[in-house]
Amino acid sequence: MRLSRSLIPTLKETPSEAQIASHRLMLRAGLVRQTASGIYAWLPAGWKVLQNIARIVAEEQEAVGTQAMLMPTIQSADLWRQSGRYDAYGPEMLRITDRHQRELLYGPTNEEMLTDLVRSGLKSYRDLPQMLFHIQWKFRDEVRPRFGVMRGREFLMKDAYSFDLDYDGAVISYRKQMLAYMRTFQRLGLKAIPMVADTGPIGGNLSHEFIVLAPTGESGVFFDAAFEEIDWEKASFDSESPADLERFFQLATEAYAATDEKHDEAEWAKVPADRKREGRGIEVGHIFYFGTKYSEPMGLTVSGRDGAAVVPHMGSYGVGVSRLAGAIIEASHDDAGIIWPDSVAPFPAVIVNLKPGDEACDALCEQAYAAFKGKALYDDREERAGAKFADADLMGHPWQIVVGPRGAKTGMVELKRRATGEKVELSLADALAKIG
RNA sequence: CGGGACGUAGCACAGCCUGGUAGUGCGCCUGCUUCGGGAGCAGGAGGCCGGAGGUUCGAAUCCUCUCGUCCCGACCA
């Protein structure tokens with residue numbers, strides 16, 4: 001993308017409504033614009049980020065056997081009356097009436113809808129287990145939206161649902177999802193730690209929140225440093241092997257980790273002092289098992305081995321996709337701007353032409369731009385060098401290929417790694433090779 | 001939902017108390033000089049002062065209502 005022809009409106013000053021780093025930087029880097037309280041438009045660069053996150057989330061879901069699908073945003077009130085949640089949900093649910101006075105709602109979640117959908121498709125115990133997910137916009141009419149996309153009213157969410165014959169099966173599904181989550185967050189460049197969460201009336205220990213470590217996070221967290229060393233991508237766990245899942249679950253849950261609300265001083269005292277870590281975190285995902293809470297009242301049954309009706313056990317698994325965009329920035333930025341992990345950056349690199357109009361600069365830049373097949377950002381604007389450097393740092397491209405009149409004559413560029421600030425002079429070919 | 005603020009140019013803000021031709025900085029446009037970390041000079045465009053009523057000869061300014069946005073608390077992917 002050529003910056004001179006792109007809608008990436010960077011701002012030198014911070015709009016007054018933005019309080020926290022990610023919100024400020026998302027506005028300043030031209031990623032999003034607010035259109036109403038807690039509702040955001042994703043501008044071209046922001047949309048690329050969101051798609052990158054969604055793609056990784058989806059890939060890891062499919063890697064553990066979750067099927068991708070898409071359910072609508074608008075749902076019927078009748079569906080929610082079947083589970084009893086229509087009245088229980090409260091004013092957070094946006095209720096809508098159509099021209100025929102039918103009661104509709106903008107979905108805050110999809111348990112009812114999917115349970116309804118699978119009712120006619122799942123007939124026999126042979127049809128189980130099933131895991132399905134979609135990535136769709138949700139709406140929750142938060143009393144007080146804030147922190148930009150981290151707590152908006154409209155948000156993009158991955159929600160997955162599992163259907164199993166019994167509790168033991170549900171545990172397998174639950175662990176598969178947890179494995180997918182650890183891999184997902186690591187690919188997104190995040191340190192995420194699963195922490196035991198409230199299970200409410202369901203009970204048991206099958207509810208975990210995933211907390212991303214970020215100094216500006218909303219909740220305090222306490223955890224064992226053991227989590228810092230685990231490489232979930234390299235660790236080989238076969239999601240089809242119950243034994244591997246067991247081993248994985250042990251590893252992911254045995255060390256101490258808790259948010260301040262669930263903090264247990266007695267357990268904390270058992271953690272060796274040199275492994276104690278305290279910090280702040282942002283919740284980016286939540287998984288839980290809820291048994292037959294929806295399948296039972298909504299009449300979802302399959303025939304069991306003996307021919308009798310069996311009510312499937314369910315679980316649901318959420319990831320705040322749009323929230324992650326903010327969380328990643330909270331976890332990865334400096335005074336100059338965003339520092340995108342390679343996997344989610346809107347552009348792998350920016351090509352900074354320090355002197356548009358200079359024959360050598362233009363030619364070398366075009367050559368570099370062509371090498372990325374249009375996927376890089378080419379800053380071809382008639383701006384001063386300082387402004388371009390500032391914008392490049394602000395937007396957080398992982399690599400900056402700086403082309404100036406001095407080096408261009410001999411085909412040399414300066415390659416800067418945003419994360420480290422390291423700069424080296426080398427030929428364009430070497431620079432491209434280094435970026436890979 | 002309780003408490004507190006704020007709506008004036010694309011962004012940040014002053015002006016309001018004490019009514020009298022709507023301002024400053026950044027950004028934008030033109031020209032010249034500059035040109036490797038947000039340049040200098042000169043000229044220029046851009047505002048129904050959130051909206052509706054009212055008071056007044058006259059309202060950004062005073063009064064009433066309304067809409068919107070933000071902050072603190074309780075709540076949430």
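Predicted model, so just to flag it, every value in this text is computed and none were measured.

> Before we move on, could you go through empty space enclosed by the protein and cite the residues and values that matter?
With the rule as written, the count across this model stands at one cavity of 30 Å³ or more. Space inside the largest cavity adds up to approximately 50 Å³. Looking at the largest cavity, the residues that line it are Tyr40, Trp42, Trp137, Val149, Glu154 and Ser322. Residue classes in the lining of the largest cavity are distributed as four nonpolar, one polar and one charged.

> Account for the domain arrangement of chain A, naming residues and giving values.
Assigned domains of chain A: these are domain 1 (3-338) and domain 2 (349-435). In this structure, domain 1 and domain 2 have C-alpha centres spaced 38 Å apart. Taken together, the contacts link twelve residues of domain 1 with eleven residues of domain 2. For the pair domain 1 and domain 2, the summed buried area comes to about 980 Å², and 60% of that belongs to carbon and sulfur atoms. Summed over the shared surface of domain 1 and domain 2, the result is one salt bridge. In this structure, Arg418 engages Asp334 in a salt bridge whose closest nitrogen and oxygen atoms are separated by 2.8 Å. Between domain 1 and domain 2 we count seven residue pairs in polar contact (both at pLDDT 80 or more) in total. Each residue belonging to the side of domain 1 that touches domain 2 can be placed in one class, and the counts come to seven nonpolar, three polar and two charged.

> How would you explain the sheet that holds strand E6 (residues 103-106) if you had to name every residue and give the values?
Reading across the sheet, the three strands line up as E4-E6-E5 and stay open at both edges, with antiparallel pairing between neighbours. Two strands lie at the open edges of the sheet, namely strand E4 (74-76) and strand E5 (94-97), each paired on one side alone. Sheet twist, expressed as the mean angle between neighbouring strand axes with direction ignored, is 40°. When E4 meets E6, the two strands line up antiparallel, connected through three bridges. Bridging across to E6, Gln75 finds its partner in Leu105.

> Give me the protein's contact with RNA strand B: which residues, what numbers.
Around RNA strand B, a shell composed of 44 residues is seen, among which Ser16, Ser37, Arg144, Glu283 and Asp393 lie nearest. The sugar and phosphate moieties of RNA strand B supply 43% of its atoms located within 4 Å of the protein. Contact between RNA strand B and Ser16: a phosphate oxygen at 2.5 Å from a main-chain N or O atom of the residue. At a separation of 2.8 Å, a base nitrogen of RNA strand B approaches a polar side-chain atom of Glu414. Looking at the surface near RNA strand B, the elements that each hand over two or more residues are strand E1 (32-36), strand E13 (276-291), helix H12 (385-395) and strand E22 (412-417). No other element matches the seven residues that H12 contributes to the surface near RNA strand B. When the residues that make up the surface near RNA strand B are grouped by side-chain class, the tally is 13 nonpolar, eleven polar and 20 charged.

Basis of the calculations
- Residues numbered from 1 in each chain as written.
- Chains lettered and ligands numbered in written order.
- Predicted model: local features only at pLDDT ≥ 70, side-chain atom pairs only at ≥ 80, totals over all residues.
- Heavy atoms only, no water.
- 1 Å grid on protein atoms, 1.4 Å probe; cavity = no way out; pocket = protein on both sides within 12 Å on 5 of 7 lines; lining within 4 Å.
- Points joined across faces, edges and corners; volume = space filled by probe spheres on them.
- Nonpolar A, V, L, I, M, F, W, Y, C, P; charged D, E, K, R; others polar.
- Domains from an automatic or database assignment.
- Contact = heavy atoms within 4.5 Å.
- Buried area = accessible area lost by both parts, 1.4 Å probe.
- Salt bridge = Lys/Arg side-chain N within 4 Å of Asp/Glu carboxyl O.
- Polar contact = N/O pair within 3.5 Å; in protein donor to acceptor, adjacent residues only side chain to side chain.
- Pairing = 2+ DSSP bridges.
- Helix = DSSP H or I, 4+ residues; strand = E, 2+ residues; numbered from the N terminus.
- Axes fitted to C-alpha atoms, helices over the stretch in contact; angles between N-to-C directions.
- Near = heavy atom within 4 Å.

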